[in-house]
Amino acid sequence: MLHMHKSQQKFQKNLIFLVLGLLFSFLLGACNVGQPKVYRVGVLSGLDFFAGAVDGFKSQMTELGYIEGENITYDVQNATIDLAAYETILKQFVADDVDLIFVFPTEASILAKQITEGADIPVIFALSFVEGVNLVDTLEAPGGNITGVRFPGADVATKRLEILLQLAPDVKNIWVPYLRDYPSVPTQIEAIRLMVAPLGINLIEYATSSPAELQAELDARAASENVGMDAILLIAEPVAATPDFFGIIAQFAYTHQVPFGGTYMLLNGYGSIFGLNPDSVSAGEQVAYLADKIFQGAAAGTIPVSTTDNSLVLNDTVAKTFGITIPEGLLKQADEVIR
Amino acid sequence: MTEQPTQSPQNNRSLVTTLSVPLLLLSITALVVTFIVQILFYIPTQRTIVNTEQNLLAHEAADVVSGFIQAKFSEMEAVAYISNVVAASPTDQKRILENLLGLDHGIRQIILFDSVYRELSSVSRLSAFSTEDPVKKINFDVFVQVRQADQYVSKVYVDEGTGEPMVVMAVPIRDVFGDFQGLLLTEVNLKFMWELVAGLKVGENGFAYVVDKRGNLLAARDTSRVLSHENLNHIAIVRAFMTSSATEDAVSFMMQGINETQVVGTYLPLSDLDWAVVTELPWQEAFQEGTRALISIILVMIILAGIIGWAGLVLARRIAAPIITLTEISTRISRGELDLHAPVSGPKEISSLAASFNTMTAQLQQSLLGLTRRTRALETSQEVSRRLGQIFDERQLVSAVVREVQSAFNYYHAHIYLFDENQQNLVMVGGTGEAGLTMLAQGHKIPRGRGLVGRAAETQKTVLVEDVSEDKNWLPNPLLPETRAEIAVPIVAGEQVLGVLDVQHHLTGGLSSEDANLLVSIASQIAIALQNIRSYERTRRQAEQETLINTINQKIQQANTIEKVLQIAARELGQTIGANRTNIQVSLPRKVAQEKLS
């Protein structure tokens, strides 16, 4: 009987130790549950025209489980075509040692790559040209600490020209304004030069540095007997997407009945006939997937660069203002027709 | 009583342990065997269930991917058969193709060929300036194949500008007689399939992807991997697809997935395409239900083992309890607690054992009691003998004997009767307690033959009455109201009854033949003692008489005359008998008397 008691006591003792051990482990585990990491993302929105990318990015990040204020914070900085501002913002991101930099457009992306070099901060660009700007090694393996969602490339310029020619088949002099020395311009200009050469179309390239300079140029053309252009083609660069520049061009085009398009914008009643632009929101969403992959541990430079899809917007009302009837085939291809 | 040396038990395990451990082991063995049998049946069943579920998931995924391709074919066939596009004007042809292009964002280019493969019209989502002829990217056997088949899908190739996977699809255009009129060819960007594949729900944490027969990843939730042009031929299930025939149904097995984790992978070849949809589900999730069921089974097993163990322990305790009680009682009895009794309860065998044990204990107790009593009797007898040897007074002897007998055996009362000189009445000459003194003072006596005492004297035999209320000859004594049993033992010397030793007990049955035997022994000693006293008394008296005679003789012999002789004799005799006056009358012969007178 005594033996039995001893056994029972031993069992009870072991049971108590087991329960206490489990309780201790549980409490220890509970104490060791660390706070979830809060990712800090620096966002440089370098062009208001693509501001939708930030919304798309944040929205998709939320879908992926990154809740702002809980496990992710965003430092969204805006600057429009201001290299100095870009540099200041990006350097601050580096100083803050953010976990990720999301940047657009092309010029800001190139700067981000340069400034973050050696800082071990991954960079995701969006809506940036990669051709001829030394932003990535290849699309498949961008290298360094950078990846992103590229702008569809020079093809978008030639496609815009094709659409312009579909809308205004008889034009012979096409004026192409662009921001001087902007990185994405040369490849586009080169492409459309090659395209128009056999068509007998005169390509009038105009590089500008500021709205005032642009205004002066157009004022001069307005003052002359012939404005020297049958149509205006807006290529993928900041002049076409910045209200200060766009307003001057649109006012001139409306005044002189010069059809214009390429980038779609509607500003103070002035609008372009068409725009073939990447979908900013969609681009931002694609960036979110890349960010998630980086947060999961992938090196940015090993993640292939993806490409945004172009979205064709046609403004039938504006077209009619310029006496243009949009072909049915083109209307069918449009993602959005504004009437 | 000599104490036997106790032998230490060889086995230290308790009976409860001895009983419960085999019970527990047996039950656990039974449970384990049941568990193993269940597992043996359960694993294949669970595998079949998981395979079936994965098969269904793969079919759903395949339907989505096939739907993507079939939607393209449907659109192309609508153009090919309904709009009579080959016969239409170039403008209409262009418009029709543009409509189709606008209809489906996944289509990047459309080219219309006539029956001799001349290009009639084309439209592109890209700039015509930079667009490459998709036909150049595929084998020219597309024309041959489309003539023979209703649908054609090329092998996947990668667009150099975007790195995105592309495929050429084509359908023949036939007239109402079925004659080949041309073909409609489209270049389809498979990235529009990515979103569909990414949206496929494979459990909670699973996913699907699409590979071609070369193992190239065509669509996946992680588009980066597709853009990396990852080849998955190192994945077991992909390799299985690459080496399989296209007609096989879904195949599942455990493997290391593309994220290098253990998954249940399933592939399902897509009909008319050299692609397969692969689903991967983490094995934990795939076997989640099974694991839960398994855990439930284990828990039930543990609970059952616990219950059986507990029940076994309770049963063992219940079985062992009477034995343990018996053991405890026997231990206590061995230490001298002879009045203990084992409870007669439990199973039949145990209760029989307890009863036998009690009987054995009772017998032992009785034997010990008898032995004790005998020892006591012996001691009492010795004490009586010792005292009897020292007492030469009959009354003192009687008083001492009754006291000794009464106190030694805790009798209610003891007294001794002796016959009077006439041998007719038995006179109480000594008794214990107040009653004894009272009766002595009253000169209590019983006629010969009356009552138990009288009968014992009459018959010279011991009279034992265990219940006096049952004996009509019993004479109640108001001084002894609590008498319930009585023994009357004749005190016999030779053939003569001297008296009766009478002992009374306050309990019915309180006196037994053993008491009777004891008292007989004591009565015999009393008889001897009485005889001795009486003999001594007689001897002493005789000696006294002889001494007196001698004394008188000596005095008489000193007398020198008859008168002195007579005077001495009269004086001594008078003193001896205490007479106030002693006269001696002497009758002399006549001659002597005359001489004297003369």
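Quick notes on the rules
Residues numbered from 1 in each chain as written. Chains lettered and ligands numbered in written order. Predicted model: local features only at pLDDT ≥ 70, side-chain atom pairs only at ≥ 80, totals over all residues. Heavy atoms only, no water. 1 Å grid on protein atoms, 1.4 Å probe; cavity = no way out; pocket = protein on both sides within 12 Å on 5 of 7 lines; lining within 4 Å. Points joined across faces, edges and corners; volume = space filled by probe spheres on them. Helix = DSSP H or I, 4+ residues; strand = E, 2+ residues; numbered from the N terminus. Nonpolar A, V, L, I, M, F, W, Y, C, P; charged D, E, K, R; others polar. Patch = residues over 30% accessible without salt bridge, like charges linked within 9 Å, V, L, I, M, F, W, Y side chains within 5 Å. Areas by Shrake-Rupley, 256 points an atom, 1.4 Å probe, with all protein chains shown as cover. Salt bridge = Lys/Arg side-chain N within 4 Å of Asp/Glu carboxyl O. Pairing = 2+ DSSP bridges. Axes fitted to C-alpha atoms, helices over the stretch in contact; angles between N-to-C directions. Contact = heavy atoms within 4.5 Å. pLDDT = per-residue confidence, 0-100. Phe/Tyr/Trp six-rings, centres within 6.5 Å; stacked < 30°, edge-to-face > 60°. Buried < 20%, exposed > 50% of the residue type's maximum accessible area, 1.4 Å probe, protein only. Parallel < 35°, antiparallel > 145°, perpendicular 65-115°, else oblique. Left-handed = near helix turned anticlockwise from the far one by under 90°. Expected span 1.5 Å × (residues − 1). Polar contact = N/O pair within 3.5 Å; in protein donor to acceptor, adjacent residues only side chain to side chain. Buried area = accessible area lost by both parts, 1.4 Å probe.

## Looking at the layout of surface pockets
In this approach the atoms are scanned with a rolling probe the size of a water molecule, which exposes any empty space left behind.
So, point 1. Considering only enclosed or pocket space, the second largest pocket measures out at about 540 Å³ in volume.
So, point 2. Broken down by secondary-structure element, the contributors of at least two residues to the lining of the second largest pocket are helix H9 (280–295) of chain A together with strand S7 (207–212), helix H5 (223–227), strand S10 (262–269) and strand S11 (275–282) of chain B.
So, point 3. Of the residues contributing to the lining of the second largest pocket, the split by class is ten nonpolar, eight polar and six charged.

## Quick notes on empty space enclosed by the protein
Residue and element names in this part refer to chain B.
So, point 1. Counted according to the given criterion, the structure contains two cavities of 30 Å³ or more.
So, point 2. Here the residues of the lining of the largest cavity are counted per class, giving 13 nonpolar, four polar and two charged.
So, point 3. In this structure, the second largest cavity occupies an estimated 30 Å³ of space.
So, point 4. Looking at the second largest cavity, the residues that line it are Val384, Arg387, Leu388, Ile391, Leu397, Ala400, Val401 and Glu404.
So, point 5. Of all elements in the fold, only helix H9 (348–390) and helix H10 (394–409) reach the threshold of two or more residues within the lining of the second largest cavity.
So, point 6. The leading source of residues in the lining of the second largest cavity is H10, at four residues.
So, point 7. The residue makeup of the lining of the second largest cavity, split by class, is six nonpolar, no polar and two charged.

## Considerations on a nonpolar patch on the surface
So, point 1. On the surface, Leu24(B), Ile28(B), Val32(B), Val33(B), Ile36(B), Val37(B), Leu40(B) and Phe41(B) cluster together to form a nonpolar patch covering roughly 700 Å² of accessible area.
So, point 2. Following the sequence through the fold, Ile36(B) ends up in helix H1 (residues 15–82).

## What about the sheet that holds S10(B)?
Residue and element names in this part refer to chain B.
So, point 1. Read across the open sheet, the five strands follow the order S8-S7-S11-S10-S9; overall the sheet is antiparallel. The open sheet has two edge strands with one neighbour each: strand S8 (217–220) and strand S9 (251–256). Taken pair by pair, the neighbouring strands of this sheet meet at an average axis angle of 25°, ignoring direction.
So, point 2. In this sheet, S11 lies alongside S7 in antiparallel orientation, the contact comprising six bridges. Across the sheet, Tyr209 pairs through a bridge with Val278, a residue of S11.
So, point 3. Of the strands in this sheet, S7, S9, S10 and S11 are in contact with H1, which crosses S11 at around 140°.
So, point 4. In the packing of helix H4 (residues 191–198) onto the sheet, the strands contacted are S7, S8 and S11, and the crossing angle to S8 comes to about 50°.

## Thoughts on the confidence of the model for chain B
So, point 1. Across chain B, pLDDT averages 84, with 95% of residues at or above 70.
So, point 2. The ipTM, which scores confidence in the relative placement of chains, is 0.81 for this predicted complex, and the corresponding pTM is 0.65.

## Regarding the packing of aromatic side chains
All names here are of chain A.
So, point 1. The final tally for this structure, using the stated rule, is 21 aromatic pairs over all chains.
So, point 2. For the pair Phe57 and Phe102, a centre-to-centre distance of 4.8 Å together with 50° between the ring planes defines the contact as tilted. Here Phe57, found in helix H2 (residues 52–63), pairs with Phe102, found in strand S3 (residues 100–104); they are 45 residues apart in sequence, far enough to count as distant. In this structure, Phe57 and Phe102 share a single accessibility class: buried.
So, point 3. With a centroid separation of 5.0 Å and an interplanar angle of 65°, the aromatic rings of Tyr254 and Tyr270 are classed as edge-to-face.

## Looking at the packing of helix H3 (residues 83–95) of chain A against helix H4 (residues 106–115) of chain A
All names here are of chain A.
So, point 1. As a packed pair, H3 and H4 sit with axes 10 Å apart at the nearest point and diverge in direction by 40°. On the basis of their axis angle, the class for H3 and H4 is oblique. Relative to H4, the crossing made by H3 is right-handed. Between H3 and H4, the residues in contact are Leu83, Tyr86, Glu87, Leu90, Lys91 and Val94 and Glu107, Ala108, Leu111, Ala112 and Ile115, respectively.
So, point 2. For the contact of H3 with H4, the per-class residue count stands at eight nonpolar, no polar and three charged.

## Digging into the pattern of salt bridges
So, point 1. Applying the stated rule across the entire model yields 30 salt bridges over all chains.
So, point 2. Here Lys191(B) ties to Asp309(A) by a salt bridge, and the two come within 2.7 Å at their closest N and O atoms. Residue Lys191(B) is found in helix H4, and its partner Asp309(A) is found in the loop between strand S13 (306–307) and strand S14 (310–315); the two belong to separate chains.
So, point 3. Asp309(A) gets classed as partly exposed once you look at its relative accessible area, which sits at 32%.
So, point 4. With a closest N to O distance of 3.7 Å, Glu537(B) and Arg541(B) form a salt bridge. Placement of both Glu537(B) and Arg541(B) in helix H13 (residues 513–558) is noted, with a separation of four residues, approximately one turn of the helix.
So, point 5. You can call Glu537(B) partly exposed: its relative accessible area is 22%.

## Details of helix H14 (residues 562–577) of chain B
Residues and elements named next belong to chain B.
So, point 1. For H14, built from 16 residues, the straight-helix expectation of 22 Å at 1.5 Å per residue is met to within 8% by its first-to-last C-alpha distance of 22 Å.
So, point 2. Along H14, the positions that sit buried rather than exposed are Ile568, Ala569, Ala570, Glu572 and Gly574.
So, point 3. Against the buried residues of H14 lie H13.
So, point 4. Its side-chain oxygen 2.9 Å from the backbone nitrogen of Lys564, Thr561 forms the N-cap of H14.
So, point 5. Looking one or two residues beyond H14, the residue adopting positive phi is Gly578, at roughly 80°.

## A look at the sheet that holds strand S9 (residues 260–261) of chain A
All names here are of chain A.
So, point 1. Within the open sheet, the four strands sit side by side as S7-S6-S8-S9. Their pairing is parallel. Each edge of the sheet is formed by a strand with only one pairing partner; in this case those strands are strand S7 (202–208) and S9.
So, point 2. Pairing of strand S6 (residues 173–179) with S7 involves seven bridges; the strand directions are parallel. Along S7, the bridge assignment pairs Trp175 with Ile204.
So, point 3. The strands that helix H5 (residues 155–167) touches are S6 and strand S8 (231–233); relative to S8, the one it contacts most, it runs at about 155°.

## Focus on the interface of chain B and chain A
So, point 1. Taken together, the contact between chain B and chain A spans 32 residues of the former and 31 residues of the latter.
So, point 2. Contact between chain B and chain A buries roughly 2400 Å² in total, counting both sides, with carbon and sulfur atoms accounting for 51%.
So, point 3. Put simply, chain B and chain A have two salt bridges between them.
So, point 4. In terms of residues, the side of chain B that touches chain A owes the most to one element, helix H2 (residues 90–103) of chain B, which gives five residues.
So, point 5. Here the residues of the side of chain B that touches chain A are counted per class, giving nine nonpolar, 14 polar and nine charged.

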